Structures are given as structure tokens and as C-alpha cells.
Amino acid sequence: MFMTSPSKLKKAGIVGMNRRNVVMIARNNPRRLYPLVDDKLRTKIILEKAGISAPKLLGVVKTQGNVRELEGFLEGCPAFVIKPARGSGGKGILVISGREGRDFLKPGGGRVSIGEVKRHASNTLSGLFSLGGSNDVAMIEEMVEFSDAFDGFSYQGVPDIRVIVYKGYPVMAMTRLSTTASDGKANLHQGAVGVGIDIGTGKALKAVQFGRPLTHHPDTGKNLSTFVVPEWPSFAELAARCYDITDLGYLGVDIVLDSTKGPMILELNARPGLAIQIANGTGIQPRVDGVDQERHTPRGPYERALFAMDTFSAHRNTPALKSGARV
């Protein structure tokens with residue numbers, strides 16, 4: 001892996017872990033607001049109140065009695081997703097795309113019995129997948145009918161778009177593409193591919209896997225430079241709106257594209273990571289500084305998105321970071 005000095009990272013505008021924790025998060029995200037995004041059930045509620053599109057909530061498993069009722073409840077749900085309300089890092093998410101007889105089918109073709117589904121829900125209640133291991137509830141959501149705009153760019157899993165929103169301005173974005181190495185999950189640490197997205201156009205900038213540059217998807221062979229997010233202005237504005245409903249000044253917004261409903265919020269994160277800088281090949285600090293200089297001008301989410309798209313487009317000259325640098 002390519003290594004560089006702290007002074008070069010600072011010159012390139014790279015935000016490291018300490019600055020992220022002490023400045024970006026601690027100064028902009030009051031702890032009293034964390035439950036709004038740490039608890040996905042609460043997130044669903046505030047998104048619905050704000051009229052922001054998200055996958056429909058079908059049901060909630062709160063007790064072991066509810067677990068025993070799952071077989072009957074799921075008879076009317078051919079496709080669904082079960083996830084912990086307070087999970088982290090994508091743990092504990094079970095995606096069911098169909099049924100065959102009494103068995104459920106996963107997107108990759110694997111079979112899951114009703115007993116395994118119940119066991120998964122029960123483990124969720126016990127806190128196996130949750131932050132701090134505390135007791136949790138299992139959410140049952142509709143499965144998103146993903147757009148075919150991203151066909152071939154991901155292995156089994158479907159791309160989501162991560163947008164970093166700073167004080168209401170979408171300042172950096174990337175997509176995470178699942179691979180064989182990541183077991184079909186969009187987790188960069190497990191081997192998913194990160195593709196930086198130009199905040200001005202929604203087009204791919206560069207791609208990395210395990211911090212190293214690559215040009216084509218390792219499993220599908222798709223040319224990653226051709227990746228583009230359709231309806232990109234809608235994504236940018238949707239991300240900007242999430243600041244207004246959470247008041248979190250440093251926010252990660254995960255968005256998916258439904259084939260009929262358009263962009264939908266999948267998840268919000270009060271502690272978004274830093275690998276997005278590697279995928280973009282540039283540091284986030286100059287964009288943070290740019291927002292701080294402009295915040296005296298009152299703007300709604302639409303105007304903030306337009307400002308960010310114009311100001312932070314990759315076509316402008318910003319300090320660059322070589323792929324492979326460690327942050």
C-alpha cells in the first residue's frame with residue numbers, strides 16, 4: 001500500500017481519524033441527536049414525517065412472541081429485508097428476494113428456511129448485531145426494486161450511493177460495489193469496490209479496492225469509469241434535505257435507486273468513514289472550508305445542493321490525493 005507523510009496528507013486536504021472524531025463529529029453532531037440515526041426505526045419515522053422516500057416498513061419484530069408469528073406474517077411477503085434497528089456496519093441484514101415452496105431465496109440463489117429466518121430475528125432481538133450488544137428489534141422492510149441503470153457494476157448486491165453532507169451541503173460522494181471478496185455486501189473493509197462520484201455531475205471519478213486503484217470490476221469485468229448516477233441532482237438535493245430533519249452537521253446519507261420510485265434513503269449515519277476521500281482522490285477539508293465560508297448565506301436544500309454541485313465539481317482545481325494513501 002502506498003504510504004505518505006502527514007504533511008503531504010494535510011496539504012492535500014485529507015481529514016484523518018482524529019480530526020474526524022474531534023472536529024467533524026464532536027463539534028457538529030450533538031450526542032442527543034445520535035438516536036435519530038442510530039435507531040433505524042426512529043429514522044423511518046422522521047423520514048416519513050418529512051415526506052422523504054424510503055423503503056416501506058412492513059412490520060417490526062419486538063418480542064419472541066412476534067418471532068413465533070413470523071411464518072404466518074411472511075406468507076404475504078414474497079420479497080423483504082430483515083435488519084436490526086440499531087445495527088452497524090451492515091451486520092444482521094437478511095435479504096430475501098423470493099420463495100420456492102416453503103423456502104425463502106436470497107439474491108444469490110441461496111435457500112433459507114423459515115426456521116433460519118426465525119433464528120435470525122431472534123438473534124437480532126438479543127442484540128447479536130447491535131451497537132454495544134444491547135437488546136434490539138428487527139425491522140421488516142420491502143425489498144427495493146432496484147433500477148437496471150447499474151447492471152453489471154456489482155456482484156450480487158446492488159450499489160448504494162453514499163453522500164457526505166456537511167452542515168447541509170453535499171460535499172463528497174461515492175458508490176460502494178459488492179464483490180466476491182465482500183460476499184456480496186457493500187462493505188469496503190471486506191473487499192467491496194469504492195467508486196468516487198463527481199459531486200457536480202454524478203459521474204465516476206476513480207475506483208479503488210483495498211485502497212488500490214482499479215479500472216474494471218473484479219468479478220463482472222465492467223468498466224468502472226462508465227458508472228454514472230442518473231437523476232444526480234435529485235440525489236444531491238435528497239441528501240441535503242436530511243440535514244434539515246436531523247440537525248446533524250456531519251452526516252452520511254446512503255441512497256438507492258428504485259426502478260419506479262426513484263432515489264430512496266436507505267440509511268443515515270452520524271459517524272461516516274473517511275475512505276470516501278481515497279475513492280475520490282482528493283481530501284474533504286477544502287470542501288468543508290468552502291461551506292464554512294459560505295454558510296452566512298441562508299439557503300434551502302435545493303440551493304445548497306446546487307451550490308455544492310457547482311463549487312465542488314471535479315472540474316475545479318482542488319488538491320489531489322494519490323490512490324492508496326492511508327488515512
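Starting afresh in each chain, residues are numbered from 1 along the sequence in its written order. For this predicted model, a pLDDT threshold of at least 70 governs which residues receive local features, and a threshold of 80 or more governs which side-chain atom pairs are given and counted, while totals over whole chains, interfaces and linings are taken from all residues. With hydrogens and water excluded, all non-hydrogen atoms of the structure serve as input to the side-chain values.

## Quick look at unusual backbone geometry
Across residues other than glycine, the phi torsion is negative in most instances, and most of the peptide bonds are trans.
Alright, step 1. Unusually for a residue other than glycine, E231 sits at a positive phi of about 60°.
Alright, step 2. Each helix is a run of DSSP H or I of at least 4 residues and each strand a run of E of at least 2, with the numbering of both proceeding from the N terminus. By the element assignment, E231 lies in the loop between β12 (212-214) and α8 (232-246).
Alright, step 3. Exposure remark for E231: the relative accessible area of 44% places this residue in the partly exposed category.
Alright, step 4. For D247, which is not glycine, the phi dihedral falls at a positive 65°.
Alright, step 5. Note on placement: D247 falls in the loop between α8 and β13 (250-258). We call a residue buried when its accessible area falls under 20% of the maximum for its residue type, exposed when it is over 50%, and partly exposed in between, using a 1.4 Å probe and counting protein chains only.

## Some words on the sheet that holds strand β6 (residues 111-112)
Alright, step 1. Two strands pair if DSSP finds at least two bridges between them. Strands sit in the order β4-β5-β6 across an open sheet of 3 strands; the sheet is antiparallel. Each edge of the open sheet carries a strand with a single partner, namely β4 (98-100) and β6.
Alright, step 2. Looking at chain direction, β4 and strand β5 (residues 103-105) are connected through 3 bridges and run antiparallel. Counted as the bridge partner of R99 is F104 from β5.

## Structural notes on helix α11 (residues 301-311)
Alright, step 1. What α11 keeps buried is the set R304, A305, F307, A308 and M309.
Alright, step 2. Contacts from the buried residues of α11 go to β9 (169-177), α8 and α10 (285-294). Every residue pair with non-hydrogen atoms within 4.5 Å of one another is taken to be in contact.

## Describing the sheet that holds strand β1 (residues 57-61)
Alright, step 1. Strand order in the open sheet formed by 4 strands is β1-β7-β2-β3, and the pairing between neighbours is antiparallel. The sheet is open, and its two borders are formed by β1 and β3 (94-96), each paired with just one other strand. Mean inter-strand twist for the sheet, computed between neighbouring axes without regard to direction, equals 15°.
Alright, step 2. When strand β2 (residues 80-84) meets strand β7 (residues 138-142), the two strands line up antiparallel, connected through 5 bridges. What sits directly across from F80, in β7, is E142. Axes here refer to lines fitted to C-alpha atoms; in helices the fit is confined to the stretch in contact. Angles between the N-to-C directions go from 0 to 180 degrees.

## Here's the deal with empty space enclosed by the protein
Alright, step 1. Cavity means a closed set of points on a 1 Å grid over the protein atoms alone, one where a 1.4 Å probe fits but cannot get out, pocket means an open set with protein on both sides within 12 Å along at least 5 of 7 lines, and lining means a residue has an atom within 4 Å of a point. Grid points are joined across faces, edges and corners, and a volume is the space filled by probe spheres set on the points. Taken as a whole and assessed by the stated rule, the structure comprises 1 cavity of 30 Å³ or more.
Alright, step 2. Considered as a void within the structure, the largest cavity measures approximately 90 Å³ in volume.
Alright, step 3. In terms of lining residues, the largest cavity is bounded by K40, T43, K44, L47, A54, K83, M139, E141, I265, L266, E267 and L268.
Alright, step 4. The set of elements that each furnish at least two residues to the lining of the largest cavity consists of α4 (40-49), β7 and β14 (262-269).
Alright, step 5. The residue makeup of the lining of the largest cavity, split by class, is 6 nonpolar, 1 polar and 5 charged. Each residue gets one of three labels, nonpolar for Ala, Val, Leu, Ile, Met, Phe, Trp, Tyr, Cys and Pro, charged for Asp, Glu, Lys and Arg, and polar for the others, Gly among them.

## Considering the nonpolar core
Alright, step 1. V171, F227, W232, V253 and I265 are the most contacted members of the largest nonpolar core, which has 63 residues in total.
Alright, step 2. The dominant element in this core, judged by the number of residues it contributes, is α8, at 7 residues.
Alright, step 3. Not counting residues within four places of it along the chain, the set of residues in contact with I265 comprises L47, I52, S53, A54, P55, L238, C242, V253, D254 and I255.
Alright, step 4. We call a set of buried residues a nonpolar core when its members are Ala, Val, Leu, Ile, Met, Phe, Trp, Tyr or Cys and they connect through side-chain atoms within 4.5 Å of each other. With 17 residues, the next largest nonpolar core counts V67, V112, L125 and I140 among its residues.

## Considering the pairing of β7
Alright, step 1. Counting buried residues in β7 gives 5 out of 5 residues, a clear majority hidden from the surface.
Alright, step 2. With 4 bridges connecting them, β1 and β7 associate as antiparallel partners. Looking at the pairing, V60 lines up with M139 of β7.

## What about the environment of F146?
Alright, step 1. By the secondary structure assignment, F146 is in the loop between β7 and β8 (160-166).
Alright, step 2. You can call F146 partly exposed: its relative accessible area is 33%.
Alright, step 3. Residues F146 and P263, spaced 117 residues apart in sequence, show a C-alpha to C-alpha distance of 9.9 Å.
Alright, step 4. Aside from chain neighbours lying at most four places away, what touches F146 is V158, V256, L257 and S259.

## So, the packing of α8 against α11
Alright, step 1. Packing of α8 against α11 leaves a shortest axis separation of 8 Å and a crossing angle of 125°. As summarised for this structure, α8 and α11 are arranged oblique, according to the angle between their axes. For α8 against α11, the interelement crossing comes out right-handed. For the pair α8 and α11, the contacting residues are W232, P233, A236, E237, A240, R241, Y243 and D244 in the first and P301, Y302, R304, A305 and M309 in the second.
Alright, step 2. Residue classes in the contact of α8 with α11 are distributed as 9 nonpolar, no polar and 4 charged. Here the word oblique covers every angle except those under 35 degrees (roughly parallel), over 145 (roughly antiparallel) and from 65 to 115 (roughly perpendicular). With the far helix as reference, a near helix turned anticlockwise by less than a right angle produces a left-handed crossing, and one turned clockwise produces a right-handed crossing.

## Focus: the packing of aromatic side chains
Alright, step 1. Planes of paired rings set the category: under 30 degrees apart is stacked, over 60 is edge-to-face and the rest tilted, where pairs are Phe, Tyr or Trp rings (Trp by its six-membered ring) whose centres lie within 6.5 Å. For the coordinates displayed, the defined rule picks out 6 aromatic pairs.
Alright, step 2. Between F150 and F227, the ring centres sit 4.8 Å apart and the planes meet at 15°, which makes this aromatic pair stacked. Of the two residues, F150 is situated in the loop between β7 and β8 and F227 in the loop between β12 and α8; the sequence distance between them amounts to 77 residues.
Alright, step 3. Accessibility expressed as a relative area gives 6% for F150, which makes it buried.
Alright, step 4. Arranged with centres 6.1 Å apart and planes meeting at 15°, the rings of W232 and F235 form a pair that is stacked. One end of the pair is W232 and the other is F235, both in helix α8 and 3 residues apart, which spans about a single turn. Comparing W232 with F235, the two get one shared label, buried.
Alright, step 5. Aromatic ring contacts, followed pair by pair, group F150, F153 and F227 into a single cluster.
Alright, step 6. Over the face of the ring belonging to F153 we find K222, whose NZ or CZ atom lies 5.1 Å from the ring centre. Here, a charge over a ring means that NZ of Lys or CZ of Arg falls within 6 Å of the ring centre while also lying within 35 degrees of the ring normal.

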